[in-house]
Amino acid sequence: MDELGMIINQNGESMSFGKWRLRELRQPDHADDWHTDSFMQTVYPTKWFQDLGLPYNPNQEFHNQLDLFAKHGIIVLANAKENSKQVGESRIVMATPNSITDLQIEALMNKRNSLIQFEHGHISFIDVFDTNEDYVIVESFYSIKDYYHYLDQMLENKNRHTK
């Protein structure tokens, strides 16, 4: 995951922002180096994002509003990679709705190998939010492989019910 973040709408369309760089190479005035700044510059002003109708607060940090995306049916991934090679470093922070659409699942499945490779045995923080309640987490995962297992089970259950 070279970008700092990615948003996937209900139609499976995605928009990414920022560019991950080593912390010591990041520059305070370079928007692409920072989650909030790159999101505000690249995604927030677009018609695509505005049409999502999220009550996103531009005066708050991006990381403090991840649950808002999921609450409104949008998937958001943030690159949490640090410079460390130590086991236990975080890689992916993700908020996803429990009402995930088939098109969103398809978009995630298309990224399966690259996200698993990116995580590479490190830790992720993935929360599945209830879209009908305020800040209710229905599932949490600390591995992208576990999250994909959850999606596989969901698809399997859907296939059983359609037969």
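Our subject is the structure that appears above.
All values derive from a computational prediction rather than experimental measurement. (Residues numbered from 1 in each chain as written. Predicted model: local features only at pLDDT ≥ 70, side-chain atom pairs only at ≥ 80, totals over all residues. Heavy atoms only, no water.)

1. Some thoughts on the sheet that holds strand S3 (residues 75–79)
Next, step 1: Read from one edge to the other, the open sheet built from six strands follows the order S2-S1-S3-S4-S5-S6, with strand pairing classed as mixed. Of all the strands in the sheet, the pair left with one neighbour each is strand S2 (14–17) and strand S6 (137–141). Taken pair by pair, the neighbouring strands of this sheet meet at an average axis angle of 10°, ignoring direction.
Next, step 2: In the sheet, strand S1 (residues 5–8) pairs with S2 via four bridges, with the strands oriented antiparallel. (Pairing = 2+ DSSP bridges. Helix = DSSP H or I, 4+ residues; strand = E, 2+ residues; numbered from the N terminus. Axes fitted to C-alpha atoms, helices over the stretch in contact; angles between N-to-C directions.)

2. Overview of helix H6 (residues 144–162)
Next, step 1: Helix length check: H6 (19 residues) gives 27 Å between terminal C-alpha atoms against 27 Å at 1.5 Å per residue, within 8%.
Next, step 2: If you check which residues of H6 are buried, you get Ile144, Tyr147, Tyr148, Tyr150, Leu151 and Met154. Seen end-on, H6 carries its buried residues on one side only, within an arc spanning 150°. Of the exposed residues in H6, those oriented more than 90 degrees away from the buried face are Lys145 and Arg160.
Next, step 3: Where H6 begins, the capping side chain belongs to Ser143, and its oxygen is found 3.1 Å from the backbone nitrogen of Lys145. (Expected span 1.5 Å × (residues − 1). Buried < 20%, exposed > 50% of the residue type's maximum accessible area, 1.4 Å probe, protein only. Arc of directions from axis to C-beta. Polar contact = N/O pair within 3.5 Å; in protein donor to acceptor, adjacent residues only side chain to side chain.)

3. Some points on the side chain of Arg26
Next, step 1: Relative to the elements of secondary structure, Arg26 occurs in the loop between S2 and helix H1 (35–42).
Next, step 2: Engagement of the side chain of Arg26 in a polar contact is seen with the backbone oxygen of Arg21, the distance being 2.8 Å.
Next, step 3: Each residue touching Arg26, except ones within four places of it in the same chain, is listed here: Trp20, Arg21, Asp33, Trp34 and Lys81. (Contact = heavy atoms within 4.5 Å.)

4. Some remarks on the pairing of S3
Next, step 1: The buried count for S3 comes to five of five residues, which makes it a mostly enclosed element.
Next, step 2: Alternating residues of S3 divide into Ile75, Leu77 and Asn79 and Val76 and Ala78, and every residue in both groups is buried.
Next, step 3: Alignment of S1 against S3, held across four bridges, turns out to be antiparallel. Paired with Gly5 across the two strands is Ala78, which belongs to S3.
Next, step 4: Across four bridges, S3 lies against strand S4 (residues 90–97) in antiparallel orientation. Bridge assignment links Asn79 to a residue of S4, and that residue is Ile92.

Any functional reading would require information that these geometric values do not contain.
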